[in-house]
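# Fold and geometry: a report
So the chains spell out like this:
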Amino acid sequence: MDNDNFVKVFDVVDSGFRNWTFSALGLIFVAVGVIIFVFPNIIKATGIPNLNFKSKSQTFFRYSFLGFAILWTAVAFFATYSEHLRHKALVQQNRCRVVEGPIEHFVPMPYGGHAQESFSVAGVSFSYSDFIVTDGFNNTSSHGGPIKGDSYVRICYDPSGNVILRLEIRDFKGELKDYANAPSIFPKPSDLSKTNSEHPVMDMPWYGYLFVVLYLLDLLGIYALFVPYLRTFFRLKAATLRDCPISKSLNCGKKIKLRNSLIYWDVETRAIWLRPRGLNFIKIPLMVGRLNVDANAKSIGGSEIRFSSGFPFMIALFFWSAYGVFSKAMPSNPNGLLPALFVGIAALMFLMVGFFNLRILRSRMEQLIHDAISELKGT
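Read on for a plain summary of the structure. Model, not experiment: these values are computed from the prediction.

What follows concerns the overall build of the chain. The helix and strand tally for the chain stands at 9 helices and 13 strands. In the chain, buried positions account for 39% of the 379 residues. In the chain, the share of contacts with a sequence separation of at least 24, taken over all contacts with a separation of at least 6, comes to 65%. As displayed, the chain has an accessible area near 21900 Å², and 62% of this comes from carbon and sulfur atoms.

Take unusual backbone geometry next. Excluding glycine, most residues fall at negative phi; most peptide bonds, likewise, are trans. Within the chain, N94 stands out as a residue other than glycine whose phi angle is a positive 55°. Along the polypeptide, N94 turns up in the loop between helix 3 (56-92) and strand 2 (97-102). Phi is positive for L286, which is not a glycine, with a value near 65°. With respect to the helices and strands, L286 occurs in the loop between helix 7 (280-283) and strand 12 (287-293).

A few words now on the pairing of strand 10 (residues 261-266). Of all 6 residues in strand 10, 5 are buried; the element is thus mostly enclosed. Linking strand 9 (residues 255-257) back to strand 10 in an antiparallel pair, the connection comprises 3 residues. Pairing of strand 10 with strand 11 (residues 271-276), which is carried by 6 bridges, proceeds in the antiparallel orientation. In the strand pairing of strand 11, S261 is matched with P276. Hairpin geometry of strand 10 and strand 11 is characterised by an intervening segment of 4 residues between the two adjacent antiparallel strands and by a positive phi of about 50° at R270.

By secondary structure assignment, the location of D11 is in strand 1 (residues 6-11). A relative accessible area of 7% places D11 in the buried class. Beyond its immediate sequence surroundings of up to four residues, D11 is in contact with V91, L165 and R166.

Going through the model one piece at a time under the given rule, you end up with 1 disulfide. Here C96 is linked by a disulfide to C156, with a sulfur-sulfur distance of 1.7 Å. Looking along the S-S bond of the C96-C156 disulfide, the torsion reads about -110°, which is the left-handed sense. Taken together, the residues span a long stretch of sequence, with C96 in the loop between helix 3 and strand 2 and C156 in strand 6 (residues 152-158) at a distance of 60 residues.

This paragraph deals with the sheet that holds strand 1. Strand order in this open sheet of 4 strands is 1-7-6-2, and the pairing throughout is antiparallel. On the outer flanks of this sheet lie strand 1 and strand 2, each paired with one strand and no other. Strand-to-strand twist in this sheet, taken as the mean axis angle between neighbours without regard to direction, amounts to 20°. Inspection of the sheet shows strand 1 paired to strand 7 (residues 163-170) by 5 bridges, in the antiparallel sense. By the bridge assignment, D11 is partnered in strand 7 with R166.

Take the environment of F61 next. For F61, the position within the fold is in helix 3. Relative accessible area serves as the criterion here: at 41%, F61 is assigned to the partly exposed category. Residues F61 and G33, 28 residues apart in the sequence, show an inter-C-alpha distance of 9.7 Å.

Quick look at the pattern of salt bridges now. Scanning all chains against the criterion turns up 12 salt bridges. Across the pair K8 and D11 runs a salt bridge whose closest N-O atoms are separated by 3.4 Å. A relative accessible area of 39% places K8 in the partly exposed class. Of the charged contacts, one joins E304 and R306 as a salt bridge, the two residues approaching to 2.9 Å between their closest N and O atoms. Of the two residues, E304 and R306, both sit in the buried class.

As summarised here, the arrangement of the 3 strands in space is 3-4-5, forming an open sheet in which the pairing is antiparallel. Each edge of the open sheet carries a strand with a single partner, namely strand 3 (104-107) and strand 5 (124-128). Direction aside, neighbouring strands of the sheet carry axes that sit 15° apart on average.

Within the secondary structure layout, S23 lies in helix 2 (residues 20-46). In terms of polar contacts, S23 uses its side chain to reach the backbone carbonyl oxygen of W20, at 3.1 Å. Not counting residues within four places of it along the chain, the set of residues in contact with S23 comprises W72, T73, A76 and F77.

The next thing to look at is a nonpolar patch on the surface. Together, L25, I28, F29 and V32 line one region of the surface with nonpolar side chains, adding up to about 350 Å² of accessible area. V32 gets classed as partly exposed once you look at its relative accessible area, which sits at 34%.

So, how was this worked out
- Residues numbered from 1 in each chain as written.
- Predicted model: local features only at pLDDT ≥ 70, side-chain atom pairs only at ≥ 80, totals over all residues.
- Heavy atoms only, no water.
- Helix = DSSP H or I, 4+ residues; strand = E, 2+ residues; numbered from the N terminus.
- Buried < 20%, exposed > 50% of the residue type's maximum accessible area, 1.4 Å probe, protein only.
- Contact = heavy atoms within 4.5 Å.
- Areas by Shrake-Rupley, 256 points an atom, 1.4 Å probe, with all protein chains shown as cover.
- Pairing = 2+ DSSP bridges.
- Disulfide = S-S within 2.5 Å.
- Axes fitted to C-alpha atoms, helices over the stretch in contact; angles between N-to-C directions.
- Salt bridge = Lys/Arg side-chain N within 4 Å of Asp/Glu carboxyl O.
- Polar contact = N/O pair within 3.5 Å; in protein donor to acceptor, adjacent residues only side chain to side chain.
- Patch = residues over 30% accessible without salt bridge, like charges linked within 9 Å, V, L, I, M, F, W, Y side chains within 5 Å.

Take it as geometry only, folks, not as evidence of what the structure does.
If you want it as structure tokens, here you go:
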């Protein structure tokens, strides 16, 4: 082989351990796990209004989330680092396979991904992508990579997966870049501008984000106890109350802060509306309580748990927007998964998880109502 005409553009020995960013992402979840683990003590120290929602499942979640985050980070690091050491040894000990010849069957990767760049050399097939985790060569031509359809190459590769460990290109006349440079966790401004101009997914119409506006308006309506909107909420559960007099100190038409909730007496509908306060507003979203006042305005005869009437519309808009994104992003392959089916499966999973989560939120709201009633009795 004439080494004078070949230019080495990538070598796994020179690149070092590039996949540290992949395992480092796990540290974010470890940090979140630590916050969740000590969160009750933080809330207790700050004095933010918060009901006691302790349960065996919640305790299990705190321990399991932190434990899984630590385990995943450790496994991800050791798996990727051991693979790098093996690849490095293959090159240094000349135990990697070598193939030389012109590029054949070259298929470049679209800039937005959703496919891999592929080619073959002397019957050996290679494929790679900038979006996969590997310490081998993976710089595609659409992202400034050196391989073209007419390139003549010499490749040292790992036969287990055909990972490119060293890449040499004969008569390479392009700009010699650091193709072994580890990719950044955060995209560059130039990448974002190119993605916006060349990738249709980023070119979403303004109405594709209506679900965000609707969600913010829903939160604002609940937070402000906007009675006309609260009257449209769906009733999830009703209960009858006895021996629950209303204190004379409770003023009509005025918002009053309780320990864990905010209440408003709506005289027109003979109802005391109640929403979570403080951290409870985050732990019990999309729900309000209604305390039904008798005709004499002297006692509370029943309670209701009500759920946001705007949330179903928001979810419908969200999945409609998701369908628009995936119909543009997913490759047009008749044998592949259709965007409508993909979004439909995601919606079905959301409904299944949401059904069980709704029961948990309803139970928390019921506890919040009992806490408010007990405080009203004592005023």
